[in-house]
Amino acid sequence: MNHVPDEAVAALDAFGRGILEGDPPPVRERLRSDLRVRIVPGERGRASEAVSSGSREPASETDEPASAAATARCRFLTEHTQTPATLRGRGSYVTTIVDAIDERLVAWGVRPPGEYRYVESRGETHVYEGTLELP
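Being a predicted model, the structure only gives us computed values, none of them experimental.

Chemist: Would you take a moment to explain the pattern of salt bridges for this structure?
Modeler: Side chains that differ in sign of charge can pair as their charged atoms come close. By the definition in use, this model includes 10 salt bridges. Between Asp99 and Arg88 there is a salt bridge, and its shortest N-O distance comes to 2.9 Å. With Asp99 in helix α4 (residues 92–107) and Arg88 in the loop between β3 (71–79) and α4, this residue pair connects regions lying 11 residues apart in the sequence. Judged by its relative accessible area of 28%, Asp99 is partly exposed. Arg88 sits in the buried class, given a relative accessible area of 18%.

Here is the structure:
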């Protein structure tokens, strides 16, 4: 975790504790000058929405689908001249940071996606997204 700022580690730990308590807070942290992470609990990522179609059984009386309650959308926003298909395609230094984030999430029982895939650009900021499976 030496490449991940202490504030980001603290936010990931708060997210993990929040999962155990049933109310994980969103994560909005800068990892370096050109890389940020955003985690929004209870929102399915685009990849899972494309796969999840048809009727779903409610998770509880709230009519919230079980898949929505048990997932979170994780986005990495990066500023770079190129947009490889996956975030780890940006190179070894970014891969080290993303792997460290994923390892911290795994320590809290969260299953990260195999890859964070490019989904869109907003000006010079490129967005990579994946769906986290919560315990």
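Chemist: How should helix α1 (residues 6–21) be read in this particular structure?
Modeler: Working note: α-helix, 3.6 residues per turn, so residues spaced by three or four point in the same direction. Here α1 contains 16 residues, and its C-alpha end-to-end distance of 22 Å stays within 8% of the 22 Å for a straight helix at 1.5 Å per residue. For α1, the set of buried residues is Ala8, Val9, Ala11, Leu12, Asp13, Phe15, Gly16, Gly18 and Ile19. Where α1 ends, the next residue or the one after it, Gly22, has phi of about 90°, a positive value.

Chemist: Could you clarify how one ought to interpret the confidence of the model for the protein chain in this entry?
Modeler: A low pLDDT means the predicted coordinates there should not be read in detail. The predicted model of the protein chain has a mean per-residue pLDDT of 83, with 79% of residues at 70 or higher. Counting interchain partners and residues more than four positions distant, the pLDDT-below-50 stretch residues 44–68 has 27 contacts.

Cut-offs applied
- Residues numbered from 1 in each chain as written.
- Predicted model: local features only at pLDDT ≥ 70, side-chain atom pairs only at ≥ 80, totals over all residues.
- Heavy atoms only, no water.
- Salt bridge = Lys/Arg side-chain N within 4 Å of Asp/Glu carboxyl O.
- Helix = DSSP H or I, 4+ residues; strand = E, 2+ residues; numbered from the N terminus.
- Buried < 20%, exposed > 50% of the residue type's maximum accessible area, 1.4 Å probe, protein only.
- Expected span 1.5 Å × (residues − 1).
- pLDDT = per-residue confidence, 0-100.
- Contact = heavy atoms within 4.5 Å.

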